[in-house]
Amino acid sequence: QLLVGPTGVLIVDVKSLGGKVRAEGDPWILADGSSSRDPVGEVGHLAGQLKGRLAQFSASLSRVWVEGRVLFTADDVDLSGVPGAAGKCFRLAELEELIAAPQHVDSRLPASLAEQAVRALDSAAYVRARQAWKTLGEYSLVEPLAGPETPNRRSYRARDRHGEPALVRLYD
């Protein structure tokens, strides 16, 4: 999933793994004994590629914050055996806070820079609107917008928590 928000771009790899997970180098050993590639490393690599793509599109876009995180949807996942997971993994209940006020970002994107990022990503990213969403971070979705959308991008008229109008685009 790709989220373009008021502070930058967040790439989210969604995992439904449950139980105790431990890392032995690159592969993660899952609760059932099977192994899986390290999703933190993979999403970090994607974030680096996307950051480079933005910088190629425009020098000003090289300032845009881009980060990859792994979202775990299972309530019983235990990542205590995975070094570095605490800073790169989160649960669904933490998503709104991560989008609205990431701790490592010290400023908001100027609207013009956010629009440049969206234009740059239009050719590389995909969007899927989720009809069940009524809010996204600090934004309340008001209505879908008609217009030149790609099959994988949806735009919404929205309002921030102060009631100010906003445009929200969802990428997948």
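Residues numbered from 1 in each chain as written. Predicted model: local features only at pLDDT ≥ 70, side-chain atom pairs only at ≥ 80, totals over all residues. Heavy atoms only, no water.

**Quick notes on the overall build of the protein chain**
The following threshold applies: Runs of H or I in DSSP of at least four residues are treated as helices and runs of E of at least two as strands, each being numbered from the N terminus. Whether two residues are in contact is decided by their heavy atoms: any pair within 4.5 Å suffices. Residue burial considers only the protein chains on display, and all accessible areas are found by Shrake-Rupley using a 1.4 Å probe.
Within the protein chain, the regular secondary structure consists of four helices and 12 strands. Taking all contacts inside the protein chain whose residues are at least 6 apart in sequence as the whole, residues at least 24 apart take part in 58%. Surface exposure of the protein chain reaches about 9,500 Å², of which carbon and sulfur atoms provide 52%.

**Here's the deal with the environment of A74**
Note the cut-off: Each residue gets one of three labels from its accessible area relative to the maximum for its type: buried under 20%, exposed over 50%, partly exposed in between, using a 1.4 Å probe on protein chains only.
Here A74 shows up in the loop between β6 (66-72) and β7 (78-81). Owing to a relative accessible area of 14%, A74 belongs among the buried residues under this scheme. As a C-alpha pair, A74 and K15 span 59 residues in sequence and 8.1 Å in three-dimensional space. Ignoring any residue separated from it by four or fewer positions in sequence, one finds A74 in contact with S16, L17, G18 and R91.

**Let's talk about the nonpolar core**
Generally speaking, soluble globular proteins have nonpolar side chains that are buried together. Spelled out, the test is: To qualify as a nonpolar core, a set must consist of buried Ala, Val, Leu, Ile, Met, Phe, Trp, Tyr and Cys residues joined through side-chain atoms within 4.5 Å.
Counting residues in each nonpolar core, the largest one holds 30 residues, and the members touching the most others are V9, W28, L54, V64, V66, L79 and C89. Looking at this core, the elements that each hand over two or more residues are β1 (2-5), β2 (8-15), α1 (39-57), β6 and α4 (111-122). Per-element tally for this core: the top contributor is α4, with six residues. Beyond its immediate sequence surroundings of up to four residues, C89 is in contact with W28, V40, V70, F72 and L79. Counting residues in each nonpolar core, the second largest holds eight residues, with L10, V12, W65 and L71 among its members.

**Points about the sheet that holds strand β3 (residues 20-23)**
Operational definition: A pair of strands is treated as paired once DSSP finds two or more bridges between them.
Taking strand neighbours across the sheet as the criterion, the four strands line up as β5-β4-β3-β7 in an open arrangement whose pairing is mixed. For this open sheet the edge positions go to β5 (35-36) and β7, each flanked by a neighbour on one side alone.

**A short note on the environment of V70**
With respect to the helices and strands, V70 occurs in strand β6. In the structure, V70 is positioned 29 residues away from G41 in sequence and 9.8 Å away in space, judged by C-alpha atoms.

**Examining the layout of surface pockets**
What counts, and what does not: Lining residues are defined by having an atom within 4 Å of a point belonging to a cavity or pocket. Those points lie on a 1 Å grid over the protein atoms alone, cavities being sets where a 1.4 Å probe fits but cannot get out and pockets being open sets with protein on both sides within 12 Å along at least five of seven lines. Grid points are joined across faces, edges and corners, and a volume is the space filled by probe spheres set on the points. Polarity classes work like this: nonpolar for Ala, Val, Leu, Ile, Met, Phe, Trp, Tyr, Cys and Pro, charged for Asp, Glu, Lys and Arg, and polar for all others, with Gly in that last group.
Its boundaries defined by the atoms lining it, the largest pocket holds a volume of some 510 Å³. If you go around the largest pocket, you meet 23 residues; those closest to its centre are G5, P6, A114, Y139 and L167. With seven residues, the single largest contributor to the lining of the largest pocket is strand β12 (residues 165-171). Tallied by class, residues from the lining of the largest pocket come to 18 nonpolar, one polar and four charged.

**Remarks on the side chain of D38**
For clarity, the cut-off: Pairs of N or O atoms within 3.5 Å make up the polar contacts considered here, provided that, within protein, one atom can donate a hydrogen while the other can accept it, and that residues adjacent in sequence are counted only when both atoms are side-chain atoms.
Tracing the backbone through its elements, the reader meets D38 in the loop between β5 and α1. There is a polar contact of 3.2 Å between the side chain of D38 and the side chain of W28. Setting aside anything within four residues of it in sequence, one finds D38 in contact with D26 and W28.

**Here we look at the packing of aromatic side chains**
By convention here, two paired aromatic rings are described through the distance between centres and the angle between planes. Heads up, the condition is: Between 30 and 60 degrees the pair is tilted, below 30 it is stacked and above 60 it is edge-to-face, where a pair is any two Phe, Tyr or Trp rings, Trp via its six-membered ring, whose centres lie within 6.5 Å.
Under the definition given, this model contains one aromatic pair. Look at W28 and F72: their rings are 6.2 Å apart centre to centre, the planes differ by 10 degrees, and that puts the pair in the stacked class. Highlighted residues: W28 in strand β4 (residues 28-29) and F72 in strand β6, separated in sequence by 44 residues. Each of the two residues, W28 as well as F72, counts as buried.

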